Amino acid sequence: MTVKALKLLLVSTPIGFLGSGQGGGVELTLISLVKGLLELGHEVVLIAPNGSELPKECEGVEIRYVSGFDQPSWQHQDYGSPVIIPANGVLPMLWEKALDVGKEDFDAILNFGYDWLPLWLTPHVEPRLFHLISMGAVSKVIKDQIMKLSKTQHSRLAFHTHVQASDYELSDTPTVVGNGFDLNQYKFQSKSDGPLGWAGRVAPEKGLEDAVAVAAHFDDTLLVWGLIEDENYARTIEESYPPGTIDWRGFLKTNEFQDQLGKCRALINTPKWNEAYGNVVVEALACGVPVVAYKRGGPGELIQSGSTGWLVAPDDLDALISATYRVNEIDRLKCRNWAIDSASSKGFAKRITSWVQKDIME
Ligand code: UDP
């Protein structure tokens, strides 16, 4: 299908500003998509919380800023929790602005926040709202809203992976768009005798403790990159192992992150939830680093066991350790090539625009 140039309004996550790391993988997803859309000649305007920044390659994209308090993140609330919007919340501010700006001649408004309000708004407003769902079903109220929308406007929903979409009982086959990365930013590194690494938000659903257990087994140090979201959780893990087992590297900009990550012999990925995608898995592969992971959520769909890393049964620590012994059997170039073939920002932007275009033409 040929895709005409689209004019798209993108709405960022109501958690943190772009560049803070609080938005998790959504931040990089949004930035990669903007790059891919620009490369394809589409026009983009972004609505985002104050302080948000786009890298210089996205110059020319207009950002309309809004202020307000963050939403509490859904992955840290009970499944049955109600929707809570704080006074002066940034979520309604984002959507007031989006609906106002969206009256201009935009083809579509694309939502990147995992929240109830934009889903609920969809059938009630004139602009066409599309939702790239960024998590599995971590909240009943959101799951119900997604399923309700699927009954009437299924084509407005897209997911990162099939396994993520399977969390929702949808009325039709899901649109699965994967994800995309500016692969020029990730340098291939061929040396395979480096340390073990782990990356992600440091929070219980990411299962850092199991990766530390692997490093401890090898009497090795685990390099850890990412925002420490839960200090108590981080401290408890640290105190459970000999000093020096974890080397906290902090939350780095992509350029520095990929340079350090690329020196690893493997990335250990240990999700405890139905991870929607797993950006760090693909970032490691893009540098040529094999990934040893639990076969759960997105990583279970992305990694080709025996070719780009090893997948083992979820929560099976012994299997994780055994697989880590075998990372040298993986050809690092195959990892890089998989990322080029399956997860470029341009390919991702093409999948997103076909999804939108298909709905517009219906
Ligand atoms: N990340 C980063 N710098 C770091 C460590 C991580 O920018 O030092 C980013 C990484 O690029 C990825 C995100 O943090 O985009 C984590 O996303 P992922 O999809 O792995 O998990 P999520 O946080 O969305 O659950």
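Shown above is the structure to which this text applies.
Residues numbered from 1 in each chain as written. Predicted model: local features only at pLDDT ≥ 70, side-chain atom pairs only at ≥ 80, totals over all residues. Heavy atoms only, no water.

A.B. asks: I'd like a description of the overall build of the chain, backed by residues and values.
C.D. replies: Looking only at helices and strands, one finds 13 helices and 12 strands in the chain. At 20 Å, the chain has a C-alpha radius of gyration in line with the 21 Å of a compact globule built from 362 residues. In terms of its C-alpha atoms, the chain occupies a principal-axis envelope of roughly 60 × 40 × 40 Å. In the chain, buried positions account for 57% of the 362 residues. Long-range contacts, defined here as pairs at least 24 residues apart, represent 69% of the contacts in the chain between residues at least 6 apart. Surface accessibility of the chain: about 14,900 Å² in total, with carbon and sulfur atoms responsible for 50%. Taking the average place of the 33 positive charges on the side chains of the chain and the average place of its 46 negative ones, the gap between the two points comes to 5 Å. (Helix = DSSP H or I, 4+ residues; strand = E, 2+ residues; numbered from the N terminus. Rg over C-alpha atoms; globule rule 2.2 N^0.38 Å. Buried < 20%, exposed > 50% of the residue type's maximum accessible area, 1.4 Å probe, protein only. Contact = heavy atoms within 4.5 Å. Areas by Shrake-Rupley, 256 points an atom, 1.4 Å probe, with all protein chains shown as cover. Lys, Arg positive; Asp, Glu negative; His and termini not counted. Charge placed at Lys NZ, Arg CZ, Asp CG, Glu CD.)

A.B. asks: Break down the nonpolar core for me, citing the residues and quoting the values.
C.D. replies: In terms of nonpolar packing, the biggest core is built from 56 residues, with L208 and L222 touching the most fellow members. A per-element tally of this core places helix α9 (residues 279-286) first, with six residues. Discounting residues that sit within four places of it in the chain, L208 has contacts with W198, V202, L222, V224, Y233, I237, W248 and T270. Residues V44, L54, C58 and F112 belong to the second largest nonpolar core, which totals 29 residues. (Core = buried A, V, L, I, M, F, W, Y, C linked by side-chain atoms within 4.5 Å.)

A.B. asks: Describe the sheet that holds strand β12 (residues 309-312), and please don't skip the residues or the numbers.
C.D. replies: Strand order in the open sheet formed by six strands is β9-β8-β7-β10-β11-β12, with parallel pairing between adjacent strands. At either margin of the open sheet sits one strand with a lone partner, and together these are β9 (246-250) and β12. Each strand of the sheet is rotated relative to its neighbour by a mean of 25°, with strand direction disregarded. By the bridge criterion, three bridges tie strand β10 (residues 266-269) to strand β11 (residues 291-294) in an arrangement that is parallel. When the bridges of β11 are listed, I268 appears paired with V292. Running at roughly 155° to strand β8 (residues 222-225), helix α6 (residues 208-217) makes contact with β7 (196-199), β8, β9, β10 and β11 of the sheet. (Pairing = 2+ DSSP bridges. Axes fitted to C-alpha atoms, helices over the stretch in contact; angles between N-to-C directions.)

A.B. asks: An account of the packing of aromatic side chains is requested, with residue identities and associated values reported.
C.D. replies: In this description, a pair of aromatic rings is defined by centroid distance and the angle of the planes. Under the definition given, this model contains six aromatic pairs. Note on W116 and W120: the rings are 5.7 Å apart at their centroids and 25° apart in plane angle, and the pair reads as stacked. Of this pair, W116 and W120 both sit in helix α3 (residues 116-121), four residues apart, which is roughly one turn of the helix. You can call W116 partly exposed: its relative accessible area is 22%. Plain terms: the ring middles of F218 and Y325 are 4.6 Å apart, the flat faces sit at 50° to each other, and that makes the pair tilted. Of this pair, F218 sits in the loop between α6 and β8 while Y325 is found in helix α11 (residues 317-325), placing the two residues 107 residues apart along the sequence. (Phe/Tyr/Trp six-rings, centres within 6.5 Å; stacked < 30°, edge-to-face > 60°.)

A.B. asks: Lay out unusual backbone geometry with the relevant residues and their values.
C.D. replies: Even without glycine at this site, N88 takes up a positive phi of about 55°. Along the polypeptide, N88 turns up in the loop between β3 (62-66) and α2 (90-101). Positioned with a positive phi, D219 is a non-glycine residue whose angle comes to about 55°. Position of D219 among the secondary structure elements: in the loop between α6 and β8.

A.B. asks: Please provide a residue-by-residue account of the packing of helix α1 (residues 25-39) against helix α13 (residues 345-361), values included.
C.D. replies: Closest axis-to-axis distance for the α1/α13 pair is 8 Å, and the angle between their directions is 85°. One way to sum up the angle between α1 and α13 is to call them roughly perpendicular. Contacts between α1 and α13 involve T29, S32, L33, G36, L37 and E39 from the first element and S345, K346, F348, A349, I352 and T353 from the second. Among the residues making up the contact of α1 with α13, the classes are represented as five nonpolar, five polar and two charged. (Parallel < 35°, antiparallel > 145°, perpendicular 65-115°, else oblique. Nonpolar A, V, L, I, M, F, W, Y, C, P; charged D, E, K, R; others polar.)

A.B. asks: Please set out the pairing of β11 residue by residue, giving values where relevant.
C.D. replies: Neither face of β11 is open: one carries V291 and A293, the other V292 and Y294, and all of them are buried. Read from β10 through α9 to β11, the crossover connection turns out right-handed. Handedness of the crossover joining β11 and β12 through helix α10 (residues 297-302): right-handed. (Right-handed = clockwise from strand over helix to strand, strands pointing away.)

Shape is all these values report; function is a separate question.
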